[in-house]
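# Coordinate analysis (summary)
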Amino acid sequence: MSTTPKSLAELRDVYGPHLNLAPPGGWDADLEPDKLVKTHCCFCGQQCGIQLKVKDNRVVGFEPWTEFPFNEGKLCPKGVKRYLQGNHPDRLTSALVRTEHGFAEVDWEAAMAHTVNEIERIQTQYGKDAFAVLSGVSLTNEKSYLAGKFARLGLGTKNLDYNGRLCMVSAGVGNKKAFGVDRAANSWADIVGADVIWVTGANVAECAPITTDYIWRARDRGAKLIVVDPRITPLARTADLVLPLKPGSDCALTNGVLHLLHKWDLIDWDFVKAHTTGFEQALEEVKDCTPEWTSGLTGLPVAAIEKAARMWGEAETSFLLHARGIEHQSKGVENVLGCINMVLATGRIGKPNCGYATITGQGNGQGGREHGHKCDQLPGNRDIENPEHRKYICEVWNCTDEELPGKGLTAQEIMNAIHTGEIKGLLSLCFNPLVSLPDTEFTRAALSRLEFYVNLDFFLSETAQHADVVLPAALHEEDEGTTTSAEGRVIRINKAVEPPGDARADWKILVEIAQRLGKEKWFGHFTSPEAIFNELRVASKGGTADYFGITYEKIEKNLGVFWPCPELDHPGTPRLFEGGKFFHPDGKAKFIPTRWRPPMEVVDAEYPIWLTTGRVVFHYLSGTQTRRIGFLVEQCPHPYLEIHPRLAALHGIEEGDAVEITSRRGALVLPAKVVKSIRPDTVFIPYHWPGELSANRLTARHLDPLSKIPEYKVSSVRIAKTTKDRFPAELAELQRMAFEARTDQANLPEQVF
Amino acid sequence: MVSDEYGFFIDPQRCIGCRACVGACAECGTHKGRPMIHLDEMDRMESPQTVPTVCMHCEDPICAQVCPADAIKRTDDGVVHSSQKPRCIGCENCELSCPFGVPIVFSGMEQMLKCDLCYDRTSEGLKPMCATVCPSQALLYVPKHQVAEMRRSKPVREFLVGTLKVKTRTAVMVPDSEIPLHLDAALLIEGGF
Ligand code: SF4
Ligand code: SF4
Ligand code: SF4
């Protein structure tokens, strides 16, 4: 039923993406603001402080917020231009329902009544769990917390998961296993004092741009930088050592390094003995991981591996950073544990200038993953299968154990169950799976099988085009709340403007649905984000992610508070594990052996080339927002294929040529970008686009068995040069739009002085 | 007046090509929507290197020397300003003569605009917009005396353009020679790391 109700071209005409090029009223308008609102950028886990200029209930620009300690005014281009997502021609301002002729605007009451009827019908007919919720962590902590409670108590379904499942969930699992807690071990301030910085699977310059400056500040003190990545990223260009390993071989490298650390006795035995368990087993696992073995699997020279191990092993202080490159794999958790083993073996954690962190990608990737937004988790990072944890949350929520569902399916598994017909209804917010899940055509087929689908969004995303009802939600700047940055700093998101038309904050929509379903007693008191936060504080109390001592006022006063913060007079915890105290009951960290195994898909005669996917600095995730902002589209209008000149020459491919890339899932045709900065056996495609341009047409639904993260970073493909008439029509349209953005900028007011 | 204590330092080694500087410059109220900064990709096939160019604010600016309408002013604080609208005749002499390629004569406007060190901001003690936002601080605006302790790269303010020596207010940072450059993944794999 949920196929798109009109042709994609017709939908595009009405709902975009169109480009917003200039502030409201154009560059000539008087944009002298009425007020400046201190808040944060919505476009990555670093959560840069920013001030939005507001005039007449419209965001008209930005002013750097230099006092905010993390970024001190620094912003990447997404932050600079984020204000253009407001006042956007594509903005949804009324509820939509699907009709035979496309979407029709309906009044709020009709859309709500229809939604609630369908939820009740599906749950009566097929059972509670046949209705699923998919959510996302660009939402505030309040909304993430609410999404969990809404699914469990509002709908009574166990099937709730979130798009963090596609983000840093491997890091979360690995961190909990090793440390008993899932948070960056340090604030970024410790990066600056580190003597060696190991960055692996993290395109810091493009996906965490502000972190670049932290790393350079360390290098100016003399720190060495090691970057592990199949591509020479902008930061790697000047690194002291670059290890362009084969996609999917990360755990072989960390095993090889641990082998050498032991062989050369670069182990901090005092630390290992006093503060860890399991080192013997971890060593046993790597005893045959010689540099030659490591070289064979990673495709790196023996001498480079040895140099890396020396640089890492001999340093006094260090910081290890990783991100999606190692996490988006079918052994994402093992890759993370391999890194943690390197850190623990040298004892360089929980001390000044010694640290470790995953670089959270999504806006609230950290906070959103802590308070019951996941299928297996309750607030405070509690475990939904732990009877003690359940008991506490039942008390806080005033429900019985029977009323609180158990563990449900993860995001990809929910999509699989929709495909098989096991799940019939879906409510989604802040998630665009048609772009972001692997195996795009599978996702499309799944969505078309839903009996009822309601989507909350501010733009009609590609996934929302499949909905039966679309409820217009609020932009980041149209609501308040808190988020938690990659560092673990809880910060305030302030409201700058009111949502337009019938659009309203996501939390209001969820609360209204719950109330209409007769769940007043659990949701009626949620009259403001702060009311939700105050319940979150209590629900998290005593959990590892303890927010009890954090209040809105305290955040404002201190420019953020690091959790855990268990009491109102507690200052917060920028650095975890001080004194070697970890969060497991015995207070120790665990070494966990990481046996090498290959990725789920490896290159062969039929598909001989590795494919890896990722982001560019100009776009955020599935692009629903950034593909609508003129300046960002102008810089990077469409995807391309990064290919080394040697591989290109083998196929007669030159810069700009059309290349057909085929995997076991599908194919797409993209222009070639011939660059020496990538391994010659590997190609790269940025993933932010939908449809014919979606990199995820090629990727597989292979999951890590523990974290259930898809293996976006490793697939095998074949490539062939083709003719330019095979470029998708959408590519030409995007090029046209980028040109329009450029020329419009050149056609500015005659006289500006 | 812009404080003489502060200097502008361009450090291309750090540049990550993000164009936040370009986007932010365009937000300026005095040249609305038009970036004055140039951000060049050097040769993408050979290297990910990108290079930002802002005005070098020359001590004896060539653009001003060649301006037939005397439209380009340098104030006592060393800042070289955009052309004065009533005077500028859009002849493009400045654009053609600038050794760094800074001034832009906009078609349809017949007036030259250029980076003026965000005079509206810097004369009030703020940093220029680009140097405020630059995520890698490839564009750095700090008290001059702090640079030596902040950076291993060295500021240069004198350039030889043909036979002409050009002294500038803005500095370019010369990379620390100990920092290597990696450009070809194939060579790294083959042992040239
Ligand atoms: S996207 Fe990230 S780095 Fe860029 S401005 Fe926003 S928070 Fe900062
Ligand atoms: S903002 Fe800085 S890093 Fe980004 S392109 Fe400009 S100079 Fe380079
Ligand atoms: S100093 Fe100001 S005017 Fe000059 S390039 Fe930077 S932002 Fe633009």
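Provided above is the structure to which this section pertains.
Below is a summary of the structure that appears in this document. (Residues numbered from 1 in each chain as written. Chains lettered and ligands numbered in written order. Predicted model: local features only at pLDDT ≥ 70, side-chain atom pairs only at ≥ 80, totals over all residues. Heavy atoms only, no water.)

What chain A contains, in helices and strands, is 26 helices and 28 strands. A globule of 753 residues ought to have a C-alpha radius of gyration of about 27 Å, and chain A, at 25 Å, matches this closely. Its C-alpha atoms give chain A principal-axis dimensions of roughly 70 × 65 × 60 Å. Across the 753 residues in chain A, those meeting the buried criterion constitute 69%. Across chain A, every contact between residues at least 6 apart in sequence was considered, and the portion connecting residues at least 24 apart equals 75%. For chain A, the computed accessible surface area is about 22700 Å², with 50% contributed by carbon and sulfur atoms. (Helix = DSSP H or I, 4+ residues; strand = E, 2+ residues; numbered from the N terminus. Rg over C-alpha atoms; globule rule 2.2 N^0.38 Å. Buried < 20%, exposed > 50% of the residue type's maximum accessible area, 1.4 Å probe, protein only. Contact = heavy atoms within 4.5 Å. Areas by Shrake-Rupley, 256 points an atom, 1.4 Å probe, with all protein chains shown as cover.)

Another point: the sheet that holds strand 19 (residues 481-484) of chain A. Residue and element names in this part refer to chain A. Here 3 strands make up an open sheet; going across it, the order is 19-20-21 and the pairing antiparallel. Unpaired on one side and paired on the other, strand 19 and strand 21 (561-562) mark the two borders of the sheet. Note: strand 20 (residues 489-493) against strand 21, 2 bridges, orientation antiparallel. When the sheet's bridge partners are listed, Val490 is paired in strand 21 with Val561. Contacting strand 19 and strand 20, helix 4 (residues 141-155) crosses the sheet at an angle of about 90 degrees to strand 19. (Pairing = 2+ DSSP bridges. Axes fitted to C-alpha atoms, helices over the stretch in contact; angles between N-to-C directions.)

In this section: the packing of aromatic side chains. All names here are of chain A. Counted by the stated rule, this structure contains 23 aromatic pairs over all chains. Relative to Phe577, the ring of Phe179 has its centre 4.8 Å away and its plane inclined at 40 degrees; by these criteria the two rings are tilted. Within this pair, whereas Phe179 is found in helix 5 (residues 169-179), its partner Phe577 is found in the loop between strand 21 and strand 22 (589-590), the two being separated by 398 residues in sequence. The burial state of Phe179 is the same as that of Phe577; both residues are buried. (Phe/Tyr/Trp six-rings, centres within 6.5 Å; stacked < 30°, edge-to-face > 60°.)

Here we come to helix 16 (residues 387-397) of chain A. All names here are of chain A. Along helix 16, the residues that are buried comprise Arg390, Ile393, Cys394 and Trp397. Along the axis of helix 16, the buried positions cluster into a sector of 105 degrees, meaning they face one direction only. Among the exposed residues of helix 16, those pointing more than 90 degrees away from its buried face are Glu388, Lys391 and Glu395. The inward-facing, buried residues of helix 16 contact helix 4, strand 14 (377-378), strand 15 (382-383), helix 21 (520-523) and helix 22 (529-540). (Arc of directions from axis to C-beta.)

Everything listed is a geometric property; what it means functionally is a separate question.
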